[in-house]
2 protein chains.
Amino acid sequence: VLHATGGREACGDMNNLCVVLVRTRNPLNMGAVARAMQNFGVRDLRVVAPYEASFREARSATGAGAVMEEAREFATVADAVADCRLVVGTTAARRRDLQQQVVDLDAAAPLHAAMAECRVALLFGSEKHGLTREDLDHCHWLLRITTEAEQPSMNLGQAAAVCLWALTRPPQQGTAGNSVTGMDPAGRAPAGDLERLGALWMEVLNAAGYVPPRASASTAAEVRRLLRRLRVTDTDTHLLMGMARRLLWRLKAGPRA
Amino acid sequence: VLHATGGREACGDMNNLCVVLVRTRNPLNMGAVARAMQNFGVRDLRVVAPYEASFREARSATGAGAVMEEAREFATVADAVADCRLVVGTTAARRRDLQQQVVDLDAAAPLHAAMAECRVALLFGSEKHGLTREDLDHCHWLLRITTEAEQPSMNLGQAAAVCLWALTRPPQQGTAGNSVTGMDPAGRAPAGDLERLGALWMEVLNAAGYVPPRASASTAAEVRRLLRRLRVTDTDTHLLMGMARRLLWRLKAGPRA
């Protein structure tokens, strides 16, 4: 029993957060993340392609707790975040290949704002490799914890505890609406809709001969990132789906007589 | 490799912090605390009366790291914190028997201020029982992490990570000098001096017949807490030691002729 105080009511905002563990290997780490979630009032744990034995072990552990018992399994990141309007990845900022904006946990006030309005997913990658480029393509932006240069790599359970504690804190005055651009989640389309829209646009682009052979995957990733950068709303999604369907029909039907 | 960024210089303040683990049982938890310390630039790990096998195991673990390798072992809390001018315990605030002021990690700006000026000890108790009353008597004040009422108990490694991350953050504007009283560490005497002063005063009190038989331990604890509440400085210590020595000599020598 460690330096903790009971009595705080679960913050409504934390109910809008879900934690997504992608390809986690170690059952102890899964358990540690679930425990930190219970400490800070986050209930919704989703696991993507876990090592099956680890997931079983974590769930059957004595004292696994309600969060672990109710954890849901998904085959892909896209499935896991389909109902979330804001998807935030966690990653080592030393990586050179990042396409998304990286935000320090200190400056995450806009994440608080998002949590007040819509469902938000916070993704953690595997212990060994973190989130892949493909995982990151599903993210609107990325979150980092500032650490020492000599020992930047954090333990998964500890990283989750730090993130969740920080998110239970009221944001600091004057940091809302800071340098992070395009973070207002109001009206953002759910990730599942973006995914369907992206797939339809890929069909259109393929039908139009836009996509060179062998570049299908990289183009799909490009479209995925584009839709998230653009902050597509529900209305936009509806409009763009209609356009895409019409284009696709026309492309397949051939030129008008 | 998880969402962490290299490049931050070690904060001078963090060099003034030492982490003290009291009667830790699990070598994995020791390792996790050491790892979090390396993540956040804290080098000085001290262990009090650890389970010997656990301490050996934690030190010999592959990748234990410099912090664990250089960890020092002490027999008592008093020995471990002797050179620290501010001693802060971590505890469950639900406890009813606390005599020290409890401060939320959010409101710990004065701890930042202390770390800028003098050596500060942060104590964590055993996984099962936390810090005992006797351990807490060595603390100037107590730190807590606010958690959910239903799951207040945090994992040791995660609690340490949250505390250390929070202490690397610049304190929020306007919270310095807040409701925490008597936290200015400037001029506070080192814990080792307070301990010697307390022991001498106990000798004096005993010699004067102040201490009832069988109340020696509780009186010693009372004196220990008193000296920490009083914010005794180096000058005060010197003065009080002199008074106590004189009193003791007189009490033992008997009344003046």
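Residues numbered from 1 in each chain as written. Chains lettered and ligands numbered in written order. Predicted model: local features only at pLDDT ≥ 70, side-chain atom pairs only at ≥ 80, totals over all residues. Heavy atoms only, no water.

Attention shifts here to the overall build of chain A. Helix and strand counts for chain A stand at ten helices and eight strands. Classification of the 257 residues of chain A by burial places 53% in the buried group. Taking as baseline every contact in chain A between residues at least 6 positions apart, the subset at least 24 positions apart corresponds to 84%. When the accessible surface of chain A is summed, it comes to about 11400 Å², and 53% of that surface belongs to carbon and sulfur atoms. (Helix = DSSP H or I, 4+ residues; strand = E, 2+ residues; numbered from the N terminus. Buried < 20%, exposed > 50% of the residue type's maximum accessible area, 1.4 Å probe, protein only. Contact = heavy atoms within 4.5 Å. Areas by Shrake-Rupley, 256 points an atom, 1.4 Å probe, with all protein chains shown as cover.)

The next point concerns the nonpolar core. Core analysis: the biggest nonpolar cluster contains 90 residues, and Leu45 of chain A together with Leu45 of chain B have the highest contact counts within it. The residues contacting Leu45 of chain B, other than those within four sequence positions of it, are Val19, Leu21, Ala34, Met37, Val67, Met68, Ala71 and Arg72 of chain B. Ranked by size, the runner-up nonpolar core spans 18 residues in total, among them Val48, Phe74, Val81 and Leu136 of chain B. (Core = buried A, V, L, I, M, F, W, Y, C linked by side-chain atoms within 4.5 Å.)

Residue and element names in this part refer to chain B. Judged by how many residues are buried, strand S8 (residues 141-148) sits mostly within the fold: seven of eight residues are covered. Pairing geometry for strand S6 (residues 102-104) and S8, over three bridges, is parallel. Of the residues in S8, the one forming a bridge with Val103 is Leu143. (Pairing = 2+ DSSP bridges.)

It is worth spelling out the side chain of Glu127 of chain A at this point. All names here are of chain A. When you line up the elements, Glu127 lands in the loop between strand S7 (120-124) and helix H6 (133-136). Of the side chains with opposite charge, Arg25 lies nearest to the buried Glu127, which makes no salt bridge, at 5.6 Å. For Glu127, the side chain forms a polar contact with the main-chain nitrogen of Asn26, separated by 3.0 Å. Within polar-contact distance, the side chain of Glu127 engages the side chain of Asn29 at 2.9 Å. (Lys, Arg positive; Asp, Glu negative; His and termini not counted. Salt bridge = Lys/Arg side-chain N within 4 Å of Asp/Glu carboxyl O. Polar contact = N/O pair within 3.5 Å; in protein donor to acceptor, adjacent residues only side chain to side chain.)

Our focus in this paragraph is the state of the cysteines. In this structure the tally under the stated criterion is zero disulfides over all chains. Its sulfur unpaired, Cys163 of chain A is 13 Å from the next cysteine sulfur, which belongs to Cys139 of chain A. Of all cysteine sulfurs in the structure, the one in Cys84 of chain B sits closest to Cys118 of chain B, which takes part in no disulfide; the separation is 8.4 Å. Here Cys118 of chain B falls in the buried class, since its relative accessible area comes to 6%. (Disulfide = S-S within 2.5 Å.)

Below, the discussion takes up the packing of helix H7 (residues 156-168) of chain A against helix H7 (residues 156-168) of chain B. Between H7 of chain A and H7 of chain B, whose axes approach to 8 Å, the crossing angle comes to 55 degrees. What the angle tells us is that H7 of chain A and H7 of chain B run oblique. H7 of chain A and H7 of chain B meet at a crossing whose hand is right-handed. Residues Gly157, Gln158, Ala161, Val162, Trp165 and Ala166 of chain A of H7 of chain A form the contact with H7 of chain B, whose participating residues are Gly157, Gln158, Ala161, Val162, Trp165 and Ala166 of chain B. Partitioning the contact of H7 of chain A with H7 of chain B into residue classes produces eight nonpolar, four polar and no charged. (Axes fitted to C-alpha atoms, helices over the stretch in contact; angles between N-to-C directions. Parallel < 35°, antiparallel > 145°, perpendicular 65-115°, else oblique. Left-handed = near helix turned anticlockwise from the far one by under 90°. Nonpolar A, V, L, I, M, F, W, Y, C, P; charged D, E, K, R; others polar.)

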